[in-house]
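# A structural walkthrough
Below, each chain spelled out in residue letters.
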Amino acid sequence: MTKISLGLIYSLAVFIGSNQFIGDAQTTAPNPPELTITRFSGPDITPSPACLAVAPTGEVFVGVDMIGSLGKDPGKGRILKLIDKDNDGKMDQHIEFATVDNPRGIIVQGSRVFVLHTTFSKETGKASGMALVVFEDKDGDGKADGPPQPLIENLSNTKYIQERGTDHATNGIRMGIDGWIYIAVGDFGFHDATDRSGKKLTMLGGGIVRVRPDGTEMEIFTHGTRNVYDVAIDPYMNIFTRENTNDGGGWNVRFSHHIQSGEYGYPVLFQHFTDEILPALADLGGGSGTGALYMAEPSWPEKYNNVPMMADWGRSMLYIHRVTPDGPTFTQKEEEFIGLPQITDLDVDGSGRLYLSAWDGAGYSGSPEKGYVIRAVPNNWTYQPFPDVAKASVEELARLLKSASAVARLNASQELIARAGKDAIAAALGIASDVQLPLFARVAGLYTYAQIAGAEGIPALTALTKDATMREHALRALADRKGLLKDVATEPFLEGLKDPSPRVQAAAIIGLGRLGRIETASALLQTKVPASFVAPVKDIEGPHATPNAAIVLPHLAVRALVNLHAVDATVAAINTENATLALWALRYMHDPKAVDGLINAYELSKDAKLKRQIITTLARLYKKEDTYDASWWWGTRPDSHGPYYKAVTWEASPAIEKFLKKESLKTSPTGKAFFRDLDARNRMDIPAFAAEKKVIAAPVKEPKVDLEKIKSKKGQVGKSSIEDVLLAINKLKGDPARGKQLFTIQGCVACHSINKGETMKGPFMGQIGSIMNREQITESILKPNASISQGFATVMITAKGNKSYMGFVTEETSARVVMRDITGQVFTVKTADILTRKEMKTSMMPTGLANALSYEELASLVSYLAQQKK
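A few words now on the overall build of the protein chain. Across its full length, the protein chain carries 22 helices and 35 strands. Taken across its 870 residues, the protein chain has 61% of its residues classed as buried. Taking the intrachain contacts of the protein chain between residues at least 6 apart in sequence as the baseline, contacts between residues at least 24 apart amount to 65%.

So, about helix H4 (residues 422-433). Between its terminal C-alpha atoms H4 stretches 16 Å, which fits the 16 Å expected from 12 residues at 1.5 Å a residue. Buried residues belonging to H4 abut helix H2 (394-401), helix H3 (406-419), helix H5 (439-453) and helix H6 (458-464).

This part covers the packing of helix H11 (residues 549-564) against helix H13 (residues 579-586). Running from N to C, H11 and H13 point in directions that differ by 55°, and their axes come no closer than 9 Å. With respect to their mutual orientation, H11 and H13 come out oblique. Remark: the crossing between H11 and H13 carries right-handed chirality. When H11 is examined against H13, the residues Ile-551, Pro-554, His-555, Ala-557, Val-558, Leu-561 and Val-562 are found in contact with a partner set consisting of Leu-581, Trp-584 and Ala-585. Residue composition of the contact of H11 with H13, by class: nine nonpolar, one polar and no charged.

The subject of this paragraph is helix H7 (residues 471-478). Counted residue by residue, H7 has eight buried out of eight residues, so it is predominantly covered. Buried residues in H7 make contact with strand S13 (181-185), strand S17 (219-225), H5, H6, helix H8 (491-496) and helix H9 (502-515).

Turning our eyes to something else, we now look at a negative patch on the surface. Residues Glu-136, Asp-139, Asp-141 and Asp-145 make up a contiguous surface patch of negative charge. Turning to its location among the elements, Asp-139 is positioned in the loop between strand S10 (127-136) and strand S11 (149-153). Under the relative-accessibility criterion, Asp-139 is labelled exposed at 54%.

Before going further, it helps to spend a moment on the sheet that holds strand S34 (residues 826-830). One open sheet holds the five strands; their spatial order is S34-S33-S32-S31-S35, and the pairing between them is antiparallel. What marks the edges here is a single partner per strand, and that holds for S34 and strand S35 (834-839). Shown here is a sheet whose adjacent strand axes are inclined to one another by a mean of 45°, direction ignored. Relative to strand S33 (residues 816-820), strand S32 (residues 803-812) runs antiparallel, the two sharing four bridges. Within S33, the residue paired with Phe-808 across the bridge is Arg-820.

Moving on: the side chain of Gln-271. Among the secondary structure elements, Gln-271 is positioned in the loop between strand S20 (254-258) and strand S21 (282-283). Polar contacts involving the side chain of Gln-271 include one to the side chain of Glu-541, which spans 2.7 Å.

Our focus in this paragraph is the environment of Lys-159. Locating Lys-159 in the fold gives a position in helix H1 (residues 158-164). A relative accessible area of 32% places Lys-159 in the partly exposed class. Residues Lys-159 and Trp-632 lie 473 residues apart in sequence; the distance between their C-alpha atoms is 8.3 Å. Residues contacting Lys-159, with those up to four places away along its chain left out, are Ala-630 and Ser-631. Within polar-contact distance, the side chain of Lys-159 engages the side chain of Glu-163 at 3.1 Å.

Before going further, it helps to examine the packing of helix H14 (residues 592-604) against helix H15 (residues 608-621). Direction vectors running N to C along H14 and H15 enclose 160°, while the axes themselves pass 10 Å from each other. In this view, H14 runs roughly antiparallel relative to H15, as classed from their interaxial angle. Crossing of H14 over H15 shows left-handed handedness. For the pair formed by H14 and H15, the contact residues are Val-595, Leu-598, Ile-599, Ala-601 and Tyr-602 on the first element and Lys-611, Ile-614, Ile-615, Thr-617, Leu-618 and Leu-621 on the second.

This paragraph deals with the pattern of salt bridges. Scanning all chains against the criterion turns up 35 salt bridges. Arg-210 is the partner of Glu-219 in a salt bridge, and the nearest nitrogen-oxygen pair spans 2.8 Å. Arg-210 shares its class with Glu-219; the two are buried. Measuring nitrogen to oxygen at the nearest pair gives 3.5 Å for the salt bridge that ties Glu-603 to Lys-662. Of this pair, Glu-603 sits in helix H14 while Lys-662 sits in helix H16 (residues 653-664), and the two are 59 residues apart along the sequence. According to the relative accessible area criterion, Glu-603 is partly exposed, its value standing at 42%. Here the residues in one salt-bridge network are Asp-178, Arg-210, Glu-219, Asp-480 and Arg-514, joined through shared partners.

How each quantity is defined
- Residues numbered from 1 in each chain as written.
- Predicted model: local features only at pLDDT ≥ 70, side-chain atom pairs only at ≥ 80, totals over all residues.
- Heavy atoms only, no water.
- Helix = DSSP H or I, 4+ residues; strand = E, 2+ residues; numbered from the N terminus.
- Buried < 20%, exposed > 50% of the residue type's maximum accessible area, 1.4 Å probe, protein only.
- Contact = heavy atoms within 4.5 Å.
- Expected span 1.5 Å × (residues − 1).
- Axes fitted to C-alpha atoms, helices over the stretch in contact; angles between N-to-C directions.
- Parallel < 35°, antiparallel > 145°, perpendicular 65-115°, else oblique.
- Left-handed = near helix turned anticlockwise from the far one by under 90°.
- Nonpolar A, V, L, I, M, F, W, Y, C, P; charged D, E, K, R; others polar.
- Patch = residues over 30% accessible without salt bridge, like charges linked within 9 Å, V, L, I, M, F, W, Y side chains within 5 Å.
- Areas by Shrake-Rupley, 256 points an atom, 1.4 Å probe, with all protein chains shown as cover.
- Salt bridge = Lys/Arg side-chain N within 4 Å of Asp/Glu carboxyl O.
- Lys, Arg positive; Asp, Glu negative; His and termini not counted.
- Charge placed at Lys NZ, Arg CZ, Asp CG, Glu CD.
- Pairing = 2+ DSSP bridges.
- Polar contact = N/O pair within 3.5 Å; in protein donor to acceptor, adjacent residues only side chain to side chain.

So this is what it looks like as structure tokens:
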């Protein structure tokens, strides 16, 4: 759970703006007048609530996480079941359902409760990984019947959970109407995650993984996000995320539409290879995305319904994203919705009650005195009991499956699947086939039918591909389960490639990639590549958060070709009208046949432009990503140059090098510059292409600041309590111009930069005003150790040669770590020389740097920082 904002004091009644109170809790923005919000539970019951899920009947399951993001000690987590017996919006009873450490995500389905959490070794007391497990409460006493059943084990990087805690580990879980559990994976990634069938999977970096509810068929859904914390899934299986930002690197929170098999590029393609990725739909500035929900409940006002709702911990806000279809994807518009201090998660029940959890200033390591849960309902809401689906007839379940409520449809679907009888099959297929029903009901019927019928349902699903309204979803359902693909025909997918709907085309392309039939490669290669497929200009960050609907289909076609390993077909297409897509796909095919084919095509071609594209492709293939073994991680501010993070040569590298050298000798000086640029861009490190050494200008001298002298002075601030200072600052506007001067005088420049073009130091202040209000900024100055911004912990490194270094890590690659100490001095340490590395518990920023200031001066400094919203 990466958080940008620092520790906050919400117990003081000194909030700016038009704040509203929720019991004793406060929010940092006005809440919608159409809603009634009540405090459901407080820190006495639910301290540090990291996640929650609601049963359709209204019982709230809360994951209490007293370890937090940075804690490493077990025995501090539990799942609580909260009950509102009289439906008045306040908890009447609580039961400890189960004990688990670091609960990160919960799903409630009937008597089953799925939980994602950190596991610890009983012998060593250290974290041993993360697991997705399922508890059962068959006797209905509110407590798990016994130990959980593991569904996936080793679902994060154990080494870094032990060293750092779960801040970039695996996070939220949510079930789609297709019956898969979708898992938000942070960029710790994982190595040899193992599902119940014994299948193993490794993923370098973050994205979304999915698994069946029985713990089988685990697979990667999308890849290339940083610290995605949760997913919102709409009734048509569109998946949306609000991904966490890159600490201090200027890569902000992004809202993304996740399309199966898509590559989103973090961190190696994120800046300089953006032509190859699916971009986010928006760059939203600083923040910290947490829980997510797609609201689709008929009891809610139309203006707040059928929208992704996204929590942002850093901004203390629940956002609504208005999504508008755009070809195979969407565009979006963000709106503030409900303010809640350090909001963590949200979920809704079958009666339309929305529950939200708030960390409420509990810090990164949890607090027994902070955190609560609230309930929000429309003003005209009346309680409508949700039926017990286990006791419902098939006819009653069919009615629920046609309901306008997404909660009702999902729970009816799962119950019909559990029964798996002929009546259930007939009911589901009847709903899928009924042209008079709304699309959301037909889609729910289709996925329910597909899951119950299995291989026997393939003919009916194939027939539904003839229905233009259902074609996209029928194609997706046909290709959804890899164990059934041998009986699925290719023709509906090939027909789908010609469909006028880009969404149908996308489903067809993805399906062909999953079917794995090499003979379909030639059809995929005909996918048109738009003019927007352009590599970024040298040293310029590409458009990684700008919607680009036109790139989606060719991107998916490339992913499908790579999945098919269609080397022969792509090589054969090099000298055809489909060359651009073929060469794009060949960038990822590290096969000697691909290299030989590229060189042969080069020799045959008379097209100078094409020959240059072939050379570019070969340069990209010169190295490949090293095999990931979970012994390393790129850190919170990784080397983002790309195209690989830990690049190594492979068996065809010598042939590529020989060819490139030979061709470079034939060129003019301008041509040689092209090869030098290729070498630098792809980090081939071929000595023959090394750039000419340039005289490096002397570094700009930064002001020397005596921090000890500054903090030893005692002025008005140093003689006052924090509470008095906060009260005073709330009343003073201050002078931002004077604050800018104080930013240097008080030593802030030693550890902080304001402009993105400046040397990266400690926490970036250029956007602090968009993340924190004046009070929060003030507290972070007065109490630097209250909660250290993740990614900016002080690091102590010991290295060979009896050397030690202490400071911020400002850059990290697979070969070196660059650090900056409190005086501004920069050190570069070779990774191979590092003996120990430890994050310190205290901030490198000394306490007391504001002691000498008057209230007016501190107000000026705070006002200057509050204006920084780049």
